[in-house]
Amino acid sequence: MCDQRGDPRFHAVREALQGVTETPTLTADPERHQAAVSLVLRGGPDLELLLIRRARAEGDPWSGQMALPGGRHDREDPSLLHTAVRETLEETGVLLETVGHHLGRLSRLDPATRRLPAVSVTPFVFGVGPETVAHVASHEVDEVFWVPLSTLRSPGSAGTHRYRHGEFVRLFPSFNVMGQVVWGLTYRVLEEFLELAP
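Let me sum up the structure you'll find in this document. (Residues numbered from 1 in each chain as written. Predicted model: local features only at pLDDT ≥ 70, side-chain atom pairs only at ≥ 80, totals over all residues. Heavy atoms only, no water.)

## Looking at the nonpolar core
And then number 1: Core analysis: the largest hydrophobic core is formed by 32 residues, its most contacted members being Leu 39, Leu 41, Leu 49, Val 125, Leu 152 and Phe 193.
And then number 2: Secondary structure elements with two or more residues in this core: α1 (8-17), β1 (33-42), β2 (48-54), β6 (119-128), β7 (141-148), α4 (149-153), β9 (168-177) and α5 (184-196).
And then number 3: Apart from the residues lying within four places of it in its own chain, the contact partners of Phe 193 are Val 13, Leu 39, Leu 41, Leu 106, Val 125 and Leu 149. (Core = buried A, V, L, I, M, F, W, Y, C linked by side-chain atoms within 4.5 Å. Buried < 20%, exposed > 50% of the residue type's maximum accessible area, 1.4 Å probe, protein only. Helix = DSSP H or I, 4+ residues; strand = E, 2+ residues; numbered from the N terminus. Contact = heavy atoms within 4.5 Å.)

## Focus on helix α2 (residues 80-92)
And then number 1: In a regular helix each residue adds 1.5 Å, so 13 residues correspond to 18 Å; α2 covers 18 Å between its end C-alpha atoms and thus fits that length.
And then number 2: Among all positions in α2, only Leu 80, Thr 83, Ala 84, Val 85, Arg 86, Glu 87, Thr 88, Glu 91 and Thr 92 are buried.
And then number 3: The inward-facing, buried residues of α2 abut β1, β2, β4 (70-72), α3 (96-99), β6 and β7.
And then number 4: Backbone geometry just after α2 places Gly 93 at a positive phi near 75 degrees. (Expected span 1.5 Å × (residues − 1).)

## Side note on unusual backbone geometry
And then number 1: Although it is not a glycine, Met 178 adopts a positive phi angle of roughly 50 degrees.
And then number 2: Among the structural elements, Met 178 can be located in the loop between β9 and β10 (180-182).
And then number 3: Accessibility expressed as a relative area gives 46% for Met 178, which makes it partly exposed.

## Considerations on α5
And then number 1: Over its 13 residues, α5 extends 19 Å from the first C-alpha to the last, a length consistent with the 18 Å expected when each residue adds 1.5 Å.
And then number 2: All of the buried residues along α5 are Leu 185, Thr 186, Tyr 187, Val 189, Leu 190, Glu 192, Phe 193 and Leu 194.

## Here's the deal with the environment of Met 178
And then number 1: For the pair Met 178 and Phe 145, spaced 33 residues apart in sequence, the C-alpha separation works out to 8.2 Å.
And then number 2: Sequence-distant contacts of Met 178, defined by excluding residues within four places in its chain, comprise Phe 145, Trp 146, Val 147 and Pro 148.

## Describing the pairing of β1
And then number 1: Burial runs high along β1: nine of the ten residues are buried.
And then number 2: Two elements, β1 and β6, share ten bridges in a ladder whose sense is parallel. Each residue of the ladder has a partner; that of Leu 41, found in β6, is Gly 127.
And then number 3: Summarising the sheet, β1 and β2 pair through two bridges and their orientation is antiparallel. Note on β2: the bridge partner recorded for Leu 41 is Leu 49. (Pairing = 2+ DSSP bridges.)

Below, the structure written as structure tokens:
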């Protein structure tokens, strides 16, 4: 992977993530799938985060939602890190193996509700140069966004998302960015990252 250590902010992020000691391991639990997502930071005047908006699809519990690039682990993937890199390329065209630098990882997360599929998600963090371009590279993605971290940290971006499923109604914390709502598992990943990162 490309070395982005010239940006001192990436060094600070890598140092902050060293406190996450959980080792992402693959398991053979047939009741729970494993997945990985990429939290891709692009250098520039302000660090920017790569987000995608998933395409609407029947049967997809995350249809139309804002998300981090990523997906389920395939048998051919030697590790969850490889899953994150592969899925990022397939969804956004960003080849992290050549333009990215792996900075660390965040805690593994599970969906907060049993209404969602049984899946464990491991987030990996990468730094890329300011010249990095992302685009829609899969029918599973409608749009890609580079969101400044300062926007996520702004009090004006904090909000609440009202989720309804039949009779079930619940309020979730969210970020409101670029006219989009970021909530659920993606919100939880970003919340942890923003708490850890300088």
